[in-house]
Amino acid sequence: MTRSEMKDAIVHHLTYTLGKDASHAQLYDWRMALSYAVRDRIVDRWFEATRRTYAEKRKRVYYLSLEFLIGRLLKDAVVNMRLEEAALGALEDLGIPFREIIEDEPDAALGNGGLGRLAACFLESQATLGLPAMGYGIRYENGLFRQSFDHGQQVEEPEEWLRQNHAWEFVRPEVSIDIGFGGHVQEIGQRANWYPSEMVIAMGHDTPIIGWKGRWGNTLRLWESRPMHGFDLARFNRGDYAAAAEPEALARTLSRVLYPDDTTEQGKELRLRQEFFFTAASLRDILRRFESEYDDLKLLPKKAAIQINDTHPAIAGPELVRILVDERNVEFGEAVEIARATLSYTNHTLLPEALETWGEARMGRLLPRHMQIIDRIDDLHRRATKTSNINAHQDGKVHMGTLGFIMAHKVNGVAALHTELMKTTVFKDLHAAYPDRIVNQTNGVTPRRWLLSSNPRLAALVTEAIGEEWAYHLEELKKLEPFIEDAAWLERFMAAKRANKVSLSNWIAEDLGVSVDPDSIFDIQVKRIHEYKRQHLNLLETVAHWQEIRDNPNAGWTPRVKIFGGKAFPGYIYAKNMVRLANDMAAVMNSDPLTSRYLKVVFPPNYNVSLAERLIPAADLSEQISTAGKEASGTGNMKFALNGALTIGTLDGANVEIRDLVGPENFFLFGMTAEEVVARRAEPGHAERAIAADPRLARALEAIRSGRFSPDEPGRYHSITENLAHDDYFMVCSDFSDYWRAQREAETAFADQAKWAHMAALNTARTGWFSSDRTIRGYMKDVWDVEAARLADIDDN
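Residues numbered from 1 in each chain as written. Predicted model: local features only at pLDDT ≥ 70, side-chain atom pairs only at ≥ 80, totals over all residues. Heavy atoms only, no water.

Caption draft 1: Representation of the overall build of the chain within the structure. Per the secondary structure count, the chain includes 34 helices and 22 strands. For the chain, whose C-alpha radius of gyration is 27 Å, the value lies close to the compact-globule estimate of 28 Å for 797 residues. Its C-alpha atoms give the chain principal-axis dimensions of roughly 85 × 70 × 65 Å. Expressed as a percentage of the 797 residues in the chain, the buried residues total 62%. One way to put it: in the chain the 96 positive side-chain charges average out to a point 2 Å from where the 115 negative ones average out. (Helix = DSSP H or I, 4+ residues; strand = E, 2+ residues; numbered from the N terminus. Rg over C-alpha atoms; globule rule 2.2 N^0.38 Å. Buried < 20%, exposed > 50% of the residue type's maximum accessible area, 1.4 Å probe, protein only. Lys, Arg positive; Asp, Glu negative; His and termini not counted. Charge placed at Lys NZ, Arg CZ, Asp CG, Glu CD.)

Right under this line is the structure:
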């Protein structure tokens, strides 16, 4: 597509789709016009992929996830369709800045962290590989929340990304599915009729997901909840206006917010309703599509692979069995076998509290037929395994991790260490009963988004050196290693990094009002705020470092900028206190005349995909410091390393594999192993001993405890300091001294810029294995038993 053709397409949509002329168009209008012009090109490829899937009778993969953190889609689409020159040229001719257009697009508020971003990477890789696939989730009106700070405290406000039209979605009113809750069950022999007392409608919204070079397109179908009966005119005419709109308001609640606060009973119930709502709608849609092509339900596992992303859609097993038994007259045992052969489950956590459980009373009230089916599944499982202690329904609760495991033919971990720990911890008994069920599929990230698009300076340097094939075969990055031995090439590598740091510095100054030196170490920790991710370990080291600088401000310190980012769940008070502590520390340290030239603390609010794309290319040091044995994998660690940041981290999650691949000498390791953590935790007084052994740690804790960063409320952080000084379940104090050592090693390495450049460039060159394309190929072979379509190169866009 030429720039002239693109210009004509933009002006056409500006005029006839948006009803504007160029002289009156606003930035929003130009963005929408460009989006529609690009979308037109995508739709043809999308339709062709769908037609081929039907014509070739291909097996499809269905990916069920409560989150899809897709971020902005316009630049992604332009890059994958190879329309950069046409789009840039057309907008230049029209006098519209391309960057302003890109940044005008709101991030789709459909996820929170690694779980949702992984799902988004997987969708893009499935399309890139030509794998017929479909993602299913919820079309959240307000997402998780928009984070802001008020005197350092996190404030949650609704995300309003749908206040404007979403250019990429197609509304599917014809795809409307009735979903029920509550009611009663009438048993008829082995079958039953379920009569729900409440009903809502799940209506589909489709977003095309285009792969590299536009060679294949798949669909993300998101469900919106609507009332069975909307506006009550009779009530309205009686003057009861609020009651007249009540059915619509209650139905919309299901698709309004991601992860409602479940510290209340109402929040718990809403979350279970959401999980069943989208899972049930997705299964009915999958069966509708299957039955439009095939008559024999026994073929379902050969034509459909349904991946359950964490425990949120684990109700899929009982619901699929219910449909097969109660609505398709399949015998119960056979229905379970069909469902199990179709379903597979990805586990994302080793935290027992994160493996969802639902009280039997709540489950029985909301989903009475499913409660019966879960008990029958348990009975089959007990008889098959001759066990009685590993049921999905036990201790008055339904354990969704156990249910997901029992009803899946494969259960995968997301990093080598995580998978092995699954076998010995959370699923130890189930692994003994089903020794061939657990497999590993280490996570990955899409290089198109996380290098080619988000870091164009580095991407251009890589392409100049080894060609553009790396964007499709990321392990081609190994070919960079000879260039890394060239000092002149390394200078260009570091020049690209510094330019990214200058861009970030300028943004921090303009948006946050903090001046930072781009020649400092940019030390970044961005992820969900949680005790196991140990932002408080980073904060403690920052306090100790600040105190040392204050003691001797003329000691020639290496300047450092500590950048934090992430959201704390509204009901997680401890995590919210960590956020506030970081901001209180920033207020003190950034204004300290003795130390501010050497140490700054920055916490940009509302961390999301677009902010990640700004921060990651500029990072020098990647903080991956979770307690060993607690992080399943991580994908931020992969993105940072791919973009030439060095990792300071524990042997946890995919850190293990990153260190193996980049080389131990190019990774700042610290901390106990998972086995050592378990042993140390069992020792009474471990935290007190660690504090007594390290005066820096004791001094930093005392500064926080005494109110050095909260003089208006000295006891503000007692909950943090008391927890660390006594219980310290996540071993912050025990790992502090080794973390301090690793930080000083990082400073020493950074001082030798030639050495640092070599280490950083090797991180980029050796992380090609962490492509989500590789991960999806692994799922295709080991879990889904599916082949991709043959793809032809399409260079004429």
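Caption draft 2: Region of interest: the sheet that holds strand β17 (residues 521-526). Strand order in the open sheet formed by six strands is β19-β18-β17-β20-β21-β22, with parallel pairing between adjacent strands. Two strands lie at the open edges of the sheet, namely β19 (599-602) and β22 (668-669), each paired on one side alone. Pairing of strand β21 (residues 646-649) with β22, which is carried by two bridges, proceeds in the parallel orientation. By the bridge assignment, Gly649 is partnered in β22 with Leu669. The strands that helix α22 (residues 487-512) touches are β17, β18 (560-565) and β19; relative to β17, the one it contacts most, it runs at about 65°. Along the sheet, helix α33 (residues 753-765) makes contact with β20 (621-624), β21 and β22, crossing β21 at roughly 85°. (Pairing = 2+ DSSP bridges. Contact = heavy atoms within 4.5 Å. Axes fitted to C-alpha atoms, helices over the stretch in contact; angles between N-to-C directions.)

Caption draft 3: Quick peek at the packing of aromatic side chains. Taken as a whole and judged by the stated rule, the model has 25 aromatic pairs. For the pair Tyr63 and Phe122, a centre-to-centre distance of 5.8 Å together with 80° between the ring planes defines the contact as edge-to-face. Here the residue Tyr63 occupies a position in strand β1 (residues 60-64), and Phe122 occupies one in helix α6 (residues 114-129), the gap between them amounting to 59 residues. Residue classification places Phe122 among the buried residues on the basis of a relative accessible area of 0%. Ring centres 6.0 Å apart and planes at 20° place the aromatic pair Phe668 and Trp756 in the stacked group. Taken as a pair, Phe668 in strand β22 and Trp756 in helix α33 lie far apart in primary sequence, 88 residues in all. Each member of the pair, Phe668 together with Trp756, is buried. Ring pairing ties together the aromatic residues Tyr63, Phe68, Phe122, Tyr779 and Trp784, which thus form one cluster. Over the ring of Tyr472 we find Arg215, and its NZ or CZ is 4.7 Å from the ring centre. Lying across the ring of Phe181, Arg273 places its NZ or CZ 4.9 Å from the centre. (Phe/Tyr/Trp six-rings, centres within 6.5 Å; stacked < 30°, edge-to-face > 60°. Lys NZ or Arg CZ within 6 Å of the ring centre and 35° of its normal.)

Caption draft 4: Looking closely at the nonpolar core. Grouped together as the largest cluster of nonpolar side chains are 259 residues, with contacts concentrated most on Leu34, Val38, Ile179, Phe277, Met363, Trp470 and Trp784. Counting residues per element, this core draws most heavily on helix α10 (residues 265-291), at 11 residues. (Core = buried A, V, L, I, M, F, W, Y, C linked by side-chain atoms within 4.5 Å.)

Caption draft 5: How the structure looks around the pairing of strand β2 (residues 133-138). Within β2, six of the six residues are buried, which leaves the element mostly enclosed by the surrounding structure. Burial of the side chains of β2 extends over both faces: Ala133, Gly135 and Gly137 are buried on one face and Met134, Tyr136 and Ile138 on the other. Bridge count between β1 and β2: four bridges; the pairing is parallel. Counterpart to Val61 in the pairing with β2 is Ala133. Of the pairings in the sheet, the one linking β2 to strand β9 (residues 217-227) comprises five bridges and is parallel in character. What sits directly across from Tyr136, in β9, is Arg221.

Caption draft 6: Representation of the environment of Leu451 in the model. Turning to its location among the elements, Leu451 is positioned in helix α19 (residues 447-453). Along the backbone, Leu451 and Lys781 are 330 residues apart, and their C-alpha atoms lie at a distance of 26 Å. If sequence neighbours within four positions are ignored, Leu451 has contacts with Pro456, Leu458, Ala459, Trp470, Leu642 and Asn643.

Caption draft 7: Structural detail: the pairing of β21. Along β21, one buried face is formed by Leu646 and Ile648 and the opposite face, lined by Thr647 and Gly649, is buried too. Traced from β20 through helix α26 (residues 636-642) to β21, the parallel crossover comes out right-handed. In terms of handedness, the path from β21 via helix α27 (residues 655-662) over to β22 forms a crossover that is right-handed. (Right-handed = clockwise from strand over helix to strand, strands pointing away.)

Caption draft 8: Local environment of α27. Turning to α27, its buried residues number three or more, namely Asn655, Glu657, Ile658, Arg659 and Val662. Among the residues trailing α27, Gly663 stands out with phi positive, at a value near 100°.

Caption draft 9: Looking closely at the sheet that holds strand β13 (residues 393-394). Pairing is antiparallel in the open sheet, where three strands are placed in the order β12-β14-β13. At either end of the open sheet lies a strand with only one pairing partner, and these are β12 (357-359) and β13. Sheet topology note: the β13/strand β14 (residues 397-399) ladder contains two bridges and is antiparallel. Opposite Gln394, over in β14, you have Lys397 as the bridge partner.

Caption draft 10: Unusual backbone geometry, seen in detail. The residue Arg82 is not glycine, and still its phi comes out positive at about 60°. Inspection of the secondary structure assignment puts Arg82 in the loop between α3 (74-80) and α4 (84-94). Overall, the relative accessible area of 27% leaves Arg82 in the partly exposed class. Even without being glycine, Tyr259 reaches a positive phi, approximately 50°. Assignment of secondary structure puts Tyr259 in the loop between α9 (246-253) and α10.

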